Amino acid sequence: MSSSDIFISETIGTAVLLLMGGGVCAAVTFKRSKAFNAGWVAIAFGWGFAVLTGAYIAAKSGAHLNPAVTLGLAIKGGIEWSQVPVYLAGEMLGAMIGAVLVWIVYYGQFQAHLTDKEVLANHTSEEGLVDPKAAPKAGPVLGIFSTGPEIRHTVQNLATEIIATTVLVLSILTLGLSDNGKGVGTIGTLLVALVVVGIGLSLGGPTGYAINPVRDLGPRIVHALLPLPNKGGSDWGYAWIPVVGPLIGGAIAGGIYQVAFA
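What counts and what doesn't
- Residues numbered from 1 in each chain as written.
- Predicted model: local features only at pLDDT ≥ 70, side-chain atom pairs only at ≥ 80, totals over all residues.
- Heavy atoms only, no water.
- Helix = DSSP H or I, 4+ residues; strand = E, 2+ residues; numbered from the N terminus.
- Rg over C-alpha atoms; globule rule 2.2 N^0.38 Å.
- Buried < 20%, exposed > 50% of the residue type's maximum accessible area, 1.4 Å probe, protein only.
- Contact = heavy atoms within 4.5 Å.
- Areas by Shrake-Rupley, 256 points an atom, 1.4 Å probe, with all protein chains shown as cover.
- Lys, Arg positive; Asp, Glu negative; His and termini not counted.
- Charge placed at Lys NZ, Arg CZ, Asp CG, Glu CD.
- Phe/Tyr/Trp six-rings, centres within 6.5 Å; stacked < 30°, edge-to-face > 60°.
- Polar contact = N/O pair within 3.5 Å; in protein donor to acceptor, adjacent residues only side chain to side chain.
- pLDDT = per-residue confidence, 0-100.
- Salt bridge = Lys/Arg side-chain N within 4 Å of Asp/Glu carboxyl O.

### Re the overall build of the chain
Argument step 1. Tallying secondary structure elements over the chain gives 11 helices and zero strands in all.
Argument step 2. Against the 2.2 N^0.38 benchmark of 18 Å for 262 residues, the chain shows a C-alpha radius of gyration of 18 Å, consistent with a compact globule.
Argument step 3. By its C-alpha atoms, the chain is 55 × 35 × 30 Å across when sized along the principal axes.
Argument step 4. Within the chain, the fraction of its 262 residues that count as buried is 52%.
Argument step 5. The long-range fraction of contacts in the chain, counting pairs at least 24 apart against all pairs at least 6 apart in sequence, stands at 77%.
Argument step 6. For the chain, the accessible area works out to roughly 11,300 Å², and carbon and sulfur atoms hold 67% of it.
Argument step 7. Charged side chains of the chain number 13 positive and 14 negative; the gap between the two group centres comes to 5 Å.

### With respect to the packing of aromatic side chains
Argument step 1. A complete count under the given rule lists seven aromatic pairs for this structure.
Argument step 2. Ring plane angle 70 degrees and centroid distance 5.7 Å describe the contact between tryptophan 40 and tyrosine 209, whose orientation is recorded as edge-to-face. Of this pair, tryptophan 40 sits in helix H2 (residues 40-57) while tyrosine 209 sits in the loop between helix H9 (186-203) and helix H10 (213-225), and the two are 169 residues apart along the sequence.
Argument step 3. According to the relative accessible area criterion, tryptophan 40 is partly exposed, its value standing at 36%.
Argument step 4. Overall, tyrosine 209 belongs to the buried group, its relative accessible area being 5%.
Argument step 5. Consider the rings of tryptophan 103 and tyrosine 107, whose centres lie 5.8 Å apart with planes at 65 degrees: the pair is edge-to-face.
Argument step 6. Through pairs of rings, three or more aromatic residues link up here, namely Phe30, Tyr106, Phe110 and Phe145.

### Thoughts on the side chain of threonine 147
Argument step 1. Examined against the element boundaries, threonine 147 turns out to sit in the loop between helix H7 (142-145) and helix H8 (154-175).
Argument step 2. Look at threonine 147 and you get buried, because its relative accessible area is 7%.
Argument step 3. Polar contacts involving the side chain of threonine 147 include one to the side chain of aspartate 216, which spans 2.6 Å.
Argument step 4. Leaving out residues up to four positions away in the same chain, threonine 147 has contacts with Thr207, Gly208, Tyr209, Ala210, Arg215, Asp216, Arg220, Tyr238 and Pro242.

### Details of the environment of serine 2
Argument step 1. By secondary structure assignment, the location of serine 2 is in the segment before helix H1 (3-29).
Argument step 2. For serine 2, a relative accessible area of 33% corresponds to the partly exposed category.
Argument step 3. With 59 residues separating them along the chain, serine 2 and serine 61 place their C-alpha atoms 9.5 Å apart.

### Thoughts on the confidence of the model for the chain
Argument step 1. With 90% of its residues at a pLDDT of 70 or more, the chain has an overall mean of 91.
Argument step 2. Predicted confidence is poor over residues 125-136, with pLDDT under 50, and the contacts of this stretch with residues over four places away or in other chains come to 19 contacts.

### Remarks on the pattern of salt bridges
Argument step 1. Per the counting criterion, the structure on display carries five salt bridges.
Argument step 2. As a salt-bridge pair, aspartate 235 and arginine 152 come within 2.7 Å of each other at their nearest N and O atoms. Residue aspartate 235 is located in the loop between H10 and helix H11 (241-260), and its partner arginine 152 is located in the loop between H7 and H8; the two are separated by 83 residues in the primary sequence.
Argument step 3. Given the relative accessible area of 30%, arginine 152 is considered partly exposed.
Argument step 4. Salt-bridge contacts for arginine 220 lead to aspartate 216; the nearest nitrogen and oxygen are separated by 2.7 Å.

Rendered as structure tokens:
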């Protein structure tokens with residue numbers, strides 16, 4: 001498989017992943033959405049279906065869609081290290097494209113939400129936010145694009161992302177590689193999607209379970225760049241945790257596989 005095949009497949013697959021995943025977050029967030037206040041279960045299943053759809057679309061490249069998965073597979077020996085930058089580039093570009101598509105799909109809702117006096121009042125106080133310790137410098141729609149902790153504790157937040165991502169990547173590595181040696185097979189893709197739902201329901205509460213560096217970083221960059229009124233900050237002080245934590249988790253999963261299963 002050529003580098004261009006990998007790049008195109010990962011870009012499209014990750015874009016669909018972020019379109020559907022960010023889309024369910026938008027659907028639950030906006031008052032002018034039919035899914036308003038649908039809750040955490042809807043988000044968890046929405047992200048699981050997003051993974052399922054993006055992975056089937058990107059099957060040609062093995063459907064990594066996640067630098068932590070790419071790193072874990074490289075440590076396992078499922079892909080060549082020389083291919084890693086190509087995967088990462090496609091994943092990052094796809095994540096940003098997906099975030100832009102969410103903005104397009106929900107354009108009217110973004111405008112209405114960010115000019116709603118009640119919404120803006122709930123996100124402002126003398127300190128700038130209702131709860132500045134929980135979400136400093138985070139605006140009303142940042143949660144549609146990226147993750148954030150319910151309780152801001154650096155060690156706990158980092159550990160949560162590491163543990164959750166280790167579970168995800170280890171499940172992928174132990175499901176068995178497809179015939180081309182690049183990722184899980186058809187049934188495995190469905191099982192991985194269910195694992196993502198499970199992680200969301202059981203481990204996603206503290207931080208919103210990024211478990212994917214580009215899932216958080218790409219859309220966060222888009223949030224910072226989009227011309228959204230009253231959007232607030234992008235919380236760059238927290239942004240390193242959902243990048244570093246999943247990468248560490250992916251590396252740990254690859255190491256565990258080599259020690260316990262290789």
